Structure formats: C-alpha cells, structure tokens
Amino acid sequence: MRDVARLANVSIATVSFTINNSKPVSPATRARVEAAMQELGFRRNAVGRALASKRTHILALLYPALQHRFRGTVVDFFTSAATTASERGYNLVLWPAANDAELDELTSTGLVDGVLLMEVQVEDPRVARLQKSGTPFALIGRTAEPSALDFVDIDFEGTVTAAIDHLVGLGHASVGLLDGGVGSGALRGYGPVVRTRAAFERVTAERGLTAFHATCDENPRAGREAAAHLLEEAPGMTALVLMNEHAAPGLVTGFRAGGVSIPEDMSILSIASSKEMAAMNDPELTVMSAPSIELGRRGVELLIDQLTGAKEHDRHALVMCAFEPGGSTAPPRAAAH
C-alpha cells in the first residue's frame, strides 16, 4: 500500500479508502490509485481483510435451485443484487442450499456476513434457522407475519387488482387464473402463488365476476394440457390472468388448437413476468413486468444497512409490477361487436 501511495502521489489512507470503498474518493484520485495498483501488480487480499476486520464482505443469495427452476426474471434479480453489492464494497455469491444442514453450515462457519433469502414461503422454516443463528438477513419475499423482518417484495395484491381491473375495463366478466402451483413439497406454501390466489379470489368477488382457477406445471406441454382443460371446464371464460411464464407458449398453442383466437376469443394477461418472456409468444403477451432489478437492489441495500448499522432505513417495501401492453388483451368478441 505504501508503494501504491508513493506511485499515485496520495496518502496511504487514500489508498485504503479506495480499496475498501470506506470513504468517498474523487474519480480522478481513484483512477490514479487503480492505475498504480495495476502497474505494481497490487491485488486486494480478501483473506487478510477479513482477518483484520472480522468481516468477509461476502453476502449469500439463498436460492433453492434444486427445488425451484429458474424463471426468466430471476437472472435480473441476481445481476442487480450483485451490482449493488459490488458498489457497496461487498461480493455476492449464489448459494443453492438444498437442506437445513447446508444452511446451518453456511451460517456457522463465518464465511458470509449476511444472507439474502429468495423464494420465500408464507411459513418458511429457513427464517427461524437464520434468526437462531444470529446471521443478519433480509428477504426478497414475505412470510405470513413479516412485520419484524426486513423485506422487499412484489405487491401481488395490488398487481392482481390492476390486472383484473384492466380486463374488466375491456369488458370481460368471466376471468380465470392459471398459476404454477406451489412447486415441490419443499416449497409448499410459496408466497407469490398463495398471495396471488387470495387476491384473485377477493377481487373477482368484489367485482362480481365469474371466476375460475387452475394450475399446471411450469412447462409448455403442461400449458397445452391446461388450455384444453380450461376450454372444457370454463367454456364462458373470455380472459385469463397468467402467472406461469414457462407454460405460456404451450397455453397459446393449446388455445389455438381448440379454435380459440387470441385476443379476439381469449385475452391473456401475464403477471410477474418480463417483456422478454412475453415476446416469446405469438401474439406477444400483454404483461405486468416483475420489478426484478429494483427488488434485487433494494434487498441488498436492506441487508447492508443492517450490517453497517444504518439508523434510518425503510425495513419493508412493496413494489408494483409495471403494465406493458402487448397483443394478447382486447375487448371480448361480443363486446367488440
């Protein structure tokens, strides 16, 4: 560090501030320090830093990859969270913990400073284990009683309400919901699905709509089978709220095979998905895009605020999905005429 400071013509403290992002350094000074580091072959010693500070500056993003397949929006969560962590002087690692033993190992070794928990269940046993371990953590999602926890989540209640009101505004009076279930037994009670189902039931009742609910696996074949099931069981349905982006291509194909035209005979509004996933369908789906980038950023900020002892920060945040028009919603054929 003395060599770097001498070559960059700055103090040793300034080199430390630059390396650790512990105090503001002007862009010009940072550039000189980093150029000197490169010229001298200086590398940050993460192990030494951890020993000196009793902090590893590593955050673990807990995602149960073995139980729950990656969705199109998940990559945006990861990249946004990793970028935010890096900007705050931390490294983010993806930790696909599959069982309690792996979680206990993660929190007991001191390998990470904190944990960001994804794919949260309404009754999530991981929360109690993290509380018992004393490891700081934050949630991207919510449990049934999240008031004592730091979390950021999609406002599923508000999103479902907006989706149904969009369809009602077009003239639809018979609306269905097709979701992806609750995954495997290890993810039974998956928060987004539980909240979406409850909101759908409440809002359709309040609006006086005829409502129908179905679920299918998250793949195109299941989507085709779901289309046939919906046509048979809910023949009067003219609009569908979809929360199963992987089933969407098969669903659209299945409706078409059943003689149903989209959006003339059936409107489809995909929620908690992305514009990219919507564009993989023909016609491109109208979508309420998940705020993945904002959730990843704010989740990491909540966790780092805990670690740094920030006095004033909003511990709870709900973020709405953003409506993005596509070609899959329109007034029902009878209303259009």
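These numbers come from a predicted model, not from an experiment. Along each chain, residue indices are assigned from 1 in the same order as the chain's sequence is written. Under the rules for a predicted model, residues below a pLDDT of 70 receive no local features and side-chain atom pairs below 80 are neither given nor counted, while totals for whole chains, interfaces and linings still include all residues. Calculated side-chain values reflect all of the structure's heavy atoms, with hydrogen atoms and water omitted.

Quick word on the overall build of the protein chain
- Put simply, DSSP marks the helices as runs of H or I at least four residues long and the strands as runs of E at least two long, and each gets a number from the N terminus on. Within the protein chain, the secondary structure is distributed over 14 helices and 12 strands.
- Counting all 337 residues of the protein chain, 49% fall into the buried class.
- Long-range pairs, those at least 24 residues apart, make up 70% of the contacts in the protein chain with a sequence separation of at least 6.
- Carbon together with sulfur atoms contributes 54% to the accessible area of the protein chain, which is approximately 15,700 Å² in total. Using a 1.4 Å probe on the protein chains alone, a residue whose accessible area is under 20% of its type maximum counts as buried, one over 50% counts as exposed, and one in between counts as partly exposed. Contact criterion: two residues are considered in contact whenever any of their non-hydrogen atoms come within 4.5 Å of each other. Accessible surface is estimated by sampling points in the Shrake-Rupley manner with a 1.4 Å probe; for residues, cover comes only from the protein chains shown.

Observations regarding the environment of Pro283
- Structurally, Pro283 can be placed in the loop between helix H12 (275–278) and strand E10 (286–289).
- Judged by relative accessible area, which is 17%, Pro283 ranks as buried.
- Along the primary structure Pro283 and Ile262 are separated by 21 residues, whereas in three dimensions their C-alpha atoms are 7.3 Å apart.
- The residues contacting Pro283, other than those within four sequence positions of it, are Arg256, Ile262, Gly327 and Ser328.

So, the pairing of strand E8 (residues 239–243)
- Counting buried positions over the 5 residues of E8 gives 5, a clear majority of the element.
- Pairing between two strands requires that DSSP report at least two bridges joining them. In this sheet, E8 lies alongside strand E6 (residues 174–179) in parallel orientation, the contact comprising 5 bridges. Within E8, the position partnered with Asp179 by the bridge is Met243.
- In the sheet, E8 pairs with strand E9 (residues 267–273) via 4 bridges, with the strands oriented parallel. Considered in E9, the bridge of Val241 is made with Leu269.

Concerning helix H3 (residues 27–40)
- For H3, which comprises 14 residues, the first-to-last C-alpha distance of 20 Å matches the rise-based estimate of 20 Å (1.5 Å per residue) to within 8%.
- Listed as buried for H3 are Thr29, Val33, Ala36 and Met37. Buried residues of H3 fall within an arc of 100° about the axis and therefore sit on the same side. Turned more than 90 degrees off the buried face of H3, the exposed positions are Pro27, Ala28, Gln38 and Glu39.
- The elements touched by buried residues of H3 are helix H1 (2–8) and helix H2 (12–20). By this rule the span expected of a helix is its residue count minus one, scaled by 1.5 Å. Working definition: the arc comes from the directions between the helix axis and the C-beta atoms, pointing outward to the latter.

Quick word on the environment of Glu123
- Looking at where Glu123 falls in the secondary structure, it is placed in the loop between strand E3 (114–117) and helix H7 (125–133).
- Here the alpha-carbon distance between Glu123 and Gly191, two residues 68 residues apart in the chain, equals 8.5 Å.

Let's talk about the pattern of salt bridges
- What counts as a salt bridge is simple: a side-chain nitrogen of Lys or Arg found within 4 Å of a carboxyl oxygen of Asp or Glu. Under the defined criterion, the tally for this structure stands at 17 salt bridges.
- Close ionic contact of Glu34 with Arg30 constitutes a salt bridge, the shortest N to O distance being 3.8 Å. Residue Glu34 and its partner Arg30 are both found in helix H3; the two are separated by 4 residues, about one turn of the helix.
- Looking at Arg30, the relative accessible area reads 22%, which means it is partly exposed.
- Between Arg207 and Glu206 there is a salt bridge, with its nearest N and O atoms 3.4 Å apart.
- A network of salt bridges, in which partner residues are shared, links Arg142, Asp153, Glu157 and Arg195.

Fair warning: the whole summary comes from geometry, so function is off the table for now.
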